[in-house]
Amino acid sequence: SSFITVIDAAIGGTGDATLLLGGVLYGQRDIKGQRKLLKTALAACATLLLAISVSTIVFAMPIASLFSSSSNPDFIAQVAHAIRLTELCFVVNALTCVLKKHIQSVGRVGYTSLTNVLCNVVYVCAAAWVLVCGIGPDGLFLSFTVCYSLMLATHVVYAFHVSRINGAKGFDRLLLLP
C-alpha cells in the first residue's frame, strides 16, 4: 500500500503537470504545443514507469521487506509476489492517467467524470470479481492491470469517435480538439 502510494505520486505528478500545462496551451489555442506536451508526457511517463516496473520485479523482496510491518519470511514472500503482480499495471496506469488529464485539460470534464466512475467502480470491480473467481487471490492484484487497460481502450475509442467528427488523423486523434 505504501509502496503503491510512492508509485502513484510519479504517475499523478505527470498527469497533473499535463493537466496544468495542457490547460494553458488549450487556452492559448497552441495545437503544436499540445501535441508536443502529450507526446512528451506519454513517452516520459511510460519510460519512467517501465524502469520502475523492471526495478520492482528485480527488487520485489527488498521492497516488500522495506514496506512490510512483519519480519516473517513467508509473509514477505507473499508481499513480494503481490508487488510483482501489481507492477504490471504501472505503465498502462501512467498512460491512462496522462490521457485522462489531457482530455480534462481540453475541456471535456463530463467525459473525465464519467470515466472516473467507470475506472474506479465499474471496471475494477468487474475485473476483480471475474479474476478472483477465475484464478483466485492473484486475480485481485491483476484486476488493476485489466482495469487500466480497459480505461486506456476507452480513451482510445473515445478519441477515435471524436476524431471522426472533427476530422483529426494520426496522433492528433488523441488531442481531442474541437
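The preceding data block contains the structure.
Everything in this summary refers to the structure shown in the same document. Each chain carries its own residue numbering, running from 1 in the direction its sequence is written. For a predicted model such as this one, the threshold for reporting local features is a pLDDT of at least 70, and the threshold for listing and counting side-chain atom pairs is 80 or more; totals across whole chains, interfaces and linings nevertheless cover every residue. Hydrogens and waters are ignored; side-chain quantities use all the structure's heavy atoms.

Put simply, DSSP marks the helices as runs of H or I at least four residues long and the strands as runs of E at least two long, and each gets a number from the N terminus on. Summing up its helical and strand segments, the protein chain has seven helices and zero strands in all. Counting helices and strands in the order they occur from the N terminus, the protein chain gives α-α-α-α-α-α-α. Here the C-alpha coordinates of the protein chain stretch approximately 55 × 30 × 25 Å along the principal axes. We call two residues in contact when some of their heavy atoms are within 4.5 Å. Here the contacts in the protein chain between residues at least 6 apart in sequence split such that 70% fall between residues at least 24 apart. Surface summary for the protein chain: the accessible area is close to 9,400 Å², and the carbon and sulfur share equals 69%. Only the protein chains shown count as covering a residue, and every accessible area follows the Shrake-Rupley method with a 1.4 Å probe.

For side chains of opposite charge, pairing can occur when their charged atoms come near one another. By convention in these notes, a salt bridge is any Lys or Arg side-chain nitrogen within 4 Å of a carboxyl oxygen on Asp or Glu. Counted according to the given criterion, the structure contains two salt bridges. Here D16 ties to K101 by a salt bridge, and the two come within 3.2 Å at their closest N and O atoms. Highlighted residues: D16 in helix 1 (residues 2-27) and K101 in helix 5 (residues 90-105), separated in sequence by 85 residues. When its relative accessible area of 43% is taken as the criterion, D16 is described as partly exposed. R35 is the partner of D172 in a salt bridge, and the nearest nitrogen-oxygen pair spans 2.6 Å. A residue pair is termed long-range when its members are at least 10 positions apart, and D172 in the segment after helix 7 (138-166) and R35 in helix 2 (residues 31-58) qualify at 137 residues. Note on classification: 1.4 Å probe, protein chains only; a residue is buried when its accessible area is under 20% of the maximum for its type, exposed when over 50%, partly exposed between these limits.

Glancing now at the packing of helix 5 against helix 7. Simply put, an axis is a line fit to the C-alpha atoms, just over the touching stretch for a helix, and the angle between two N-to-C directions goes from 0 to 180 degrees. Where helix 5 meets helix 7, the closest approach of the two axes is 9 Å, and the angle between their N-to-C directions is 35°. In this structure, the crossing between helix 5 and helix 7 has a hand that is left-handed. On helix 7, the residues that touch V92, N93, L95, T96, L99, K100 and I103 of helix 5 are T145, Y148, S149, M151, L152 and H155. For the contact of helix 5 with helix 7, the residue count by class is seven nonpolar, five polar and one charged. Handedness of a crossing follows from how the near helix is turned relative to the far one, being left-handed for an anticlockwise turn of less than a right angle and right-handed for a clockwise one. Ten residues, namely Ala, Val, Leu, Ile, Met, Phe, Trp, Tyr, Cys and Pro, are considered nonpolar, four, namely Asp, Glu, Lys and Arg, are considered charged, and the remaining ones, Gly among them, are considered polar.

Tracing the chain through its elements places T145 in helix 7. Judged by its relative accessible area of 17%, T145 falls in the buried class. Among all residues touching T145, those that are not within four sequence positions of it are L85, L88, C89 and V92.

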